[in-house]
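What the coordinates show
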Amino acid sequence: MLESTTFTPWTDMRSRLLEPPIRLGASSVGAQTEVTIAGPSLDGLPLWWSVATESGEVYQYFAAQAVPDAVSTADFFGADGLLLERSPGADDAFIQYLLTELGERAVPVNVGGYQGALTWADPLSNGVRTHNLYWFDGAHTYALVGDRPAEALINLGRNLACR
């Protein structure tokens, strides 16, 4: 798969975003919601934490081992964690936006029977560059994010979409 090698190094970013803890405002380890997307594990990693918002978004974090409450996004992905998100949606506008606005930074992919987009993020503070896979199944927009080769992340997404 041809991916763009264009990115902005962390040291060259004009403004570096703060990296607050993933669980900002949460305190106990373990799944925080009964809503599941992938089940109790993903890519061999157990579900570490899950949260659902009042507006219907679900965020699930999968990690090889217990993760401290104060872990940052960079540290989470640096430890090979995976994030799976699901948001209610009426159409594939976000997928089309990525493919249109990001140019060569977004690659169109099929995820199950759905149109998707694969992006390769700018580096985080620790140098990790996640692959981000997005698709819309007719009711929800999904995002699967992790420090995995593109093909591996696409295959994980396809397995999820074909369940």
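Within any chain, residue numbers begin from 1 and follow the written order of that chain's sequence. Reporting of local features is limited, given that this is a predicted model, to residues whose pLDDT is at least 70; pairs of side-chain atoms are given and counted only at 80 or more, and all residues count toward the totals for whole chains, interfaces and linings. Heavy atoms throughout the structure, all of them, feed into the side-chain values; hydrogens and water do not.

Right, let's talk about the overall build of the protein for a bit. Within the protein, the secondary structure is distributed over 3 helices and 9 strands. Start at the N end of the protein and walk to the C end: the helices and strands fall as β-β-β-β-α-β-α-β-β-β-β-α. Throughout, exposure labels follow a simple rule: accessible area from a 1.4 Å probe, protein chains only, divided by the maximum for the residue type, with under 20% read as buried, over 50% as exposed, and the rest as partly exposed. In the protein, which comprises 163 residues, the proportion classed as buried is 39%. Each helix corresponds to a stretch of at least 4 residues labelled H or I by DSSP, and each strand to a stretch of at least 2 residues labelled E; elements are numbered beginning at the N terminus.

Turning next to the environment of Leu45. On the secondary structure map, Leu45 appears in strand S3 (residues 45–52). In sequence terms Leu45 and Tyr61 are 16 residues apart; their C-alpha atoms lie 9.3 Å from each other. In this analysis, two residues are considered to be in contact whenever any of their non-hydrogen atoms come within 4.5 Å of each other. Leave out the neighbours within four places in its chain, and Leu45 touches Pro40, Phe62, Ala63, Ala64, Asp80, Leu82 and Arg148.

Moving on, we come to the packing of aromatic side chains. Two aromatic rings, taken as a pair, are described by how far apart their centres are and by the angle between their planes. Here a pair means two rings of Phe, Tyr or Trp (six-membered ring of Trp) with centres within 6.5 Å. Their orientation is stacked below 30 degrees between planes, edge-to-face above 60, and tilted elsewhere. According to the stated counting rule, one finds 9 aromatic pairs in the structure shown. Geometrically, the ring pair formed by Trp48 and Tyr61 is edge-to-face, given 6.1 Å between the ring centres and 85 degrees between the ring planes. Separated by 13 residues along the polypeptide, Trp48 in strand S3 and Tyr61 in strand S4 (residues 58–62) bring together distant segments of the chain. When the ring of Tyr61 is compared with that of Phe76, the centres are 5.3 Å apart and the planes differ by 80 degrees; the resulting orientation is edge-to-face. In this pair, Tyr61 is assigned in strand S4 and Phe76 in helix H1 (residues 73–78), connecting sequence segments 15 residues apart. On the accessibility criterion, Phe76 (2% relative accessible area) is buried. An aromatic cluster is present here, built from Trp48, Trp49, Tyr61, Phe76 and Phe77 joined pairwise through their rings. Directly above the aromatic system of Trp120 lies the positively charged group of Arg129, at a separation of 3.7 Å from the ring centroid. Here, over-ring charges are defined by two tests on the NZ atom of lysine or the CZ atom of arginine: distance to the ring centre within 6 Å, and angle to the ring normal within 35 degrees.

We now examine the pairing of strand S6 (residues 106–111). In this sheet, strand S7 (residues 114–120) lies alongside S6 in antiparallel orientation, the contact comprising 6 bridges. Paired with Val107 across the bridge in S7 is Leu118. Whether two strands pair depends on DSSP finding at least two bridges between them. Adjacent in sequence and paired antiparallel, S6 and S7 are bridged by 2 residues, among which Gly112 carries a positive phi angle near 65 degrees.

Turning next to the environment of Gly138. Here Gly138 shows up in the loop between strand S8 (131–136) and strand S9 (140–146). When the C-alpha positions of Gly138 and Ala90 are compared, they lie 7.1 Å apart, and in sequence the two are 48 residues distant.

Time to look at helix H3 (residues 150–161). Helix span is expected to be 1.5 Å times the residue number reduced by one. For H3, spanning 12 residues, the distance from its first C-alpha to its last is 16 Å, which sits close to the expected 16 Å at 1.5 Å a residue. Where H3 is buried, its residues touch strand S2 (41–42), strand S5 (82–88), S6, S7, S8 and S9.

For the protein, the average pLDDT comes to 84, and 82% of its residues sit at 70 or higher. Per-residue confidence from the predictor is reported as pLDDT, which spans 0 to 100. Across the protein, element-level confidence peaks in S8 with a mean pLDDT of 97 and bottoms out in strand S1 (residues 30–31) with 46. Between residues 27–31, whose pLDDT stays under 50, and residues either more than four places distant or in other chains, the model counts 15 contacts.

Here the focus is the nonpolar core. In globular proteins that are soluble, nonpolar side chains generally tend to be buried together. Take the buried Ala, Val, Leu, Ile, Met, Phe, Trp, Tyr and Cys residues and link them wherever side-chain atoms come within 4.5 Å; each set so joined is a nonpolar core. Of all hydrophobic cores here, the largest spans 21 residues; its most connected members are Leu42, Leu133 and Leu144. For this core, the secondary-structure elements that each account for two or more residues are S4, S5, S6, S8, S9 and H3. The element that contributes the greatest number of residues to this core is H3, accounting for 5 residues. With residues up to four places along the chain from it excluded, the contact list for Leu133 reads Val109, Val111, Ala117, Leu118, Tyr142, Ala143, Leu144, Leu153, Ile154 and Gly157. Grouped together as the second largest cluster of nonpolar side chains are 12 residues, Tyr61, Phe77, Leu83 and Val128 included.

Examined bridge by bridge, S2 and S3 share 2 bridges and lie antiparallel to one another. Along S3, the bridge assignment pairs Ser41 with Pro46. Summarising the sheet, S3 and S4 pair through 5 bridges and their orientation is antiparallel. If you follow Val51 over to S4, its bridge partner there is Tyr59.

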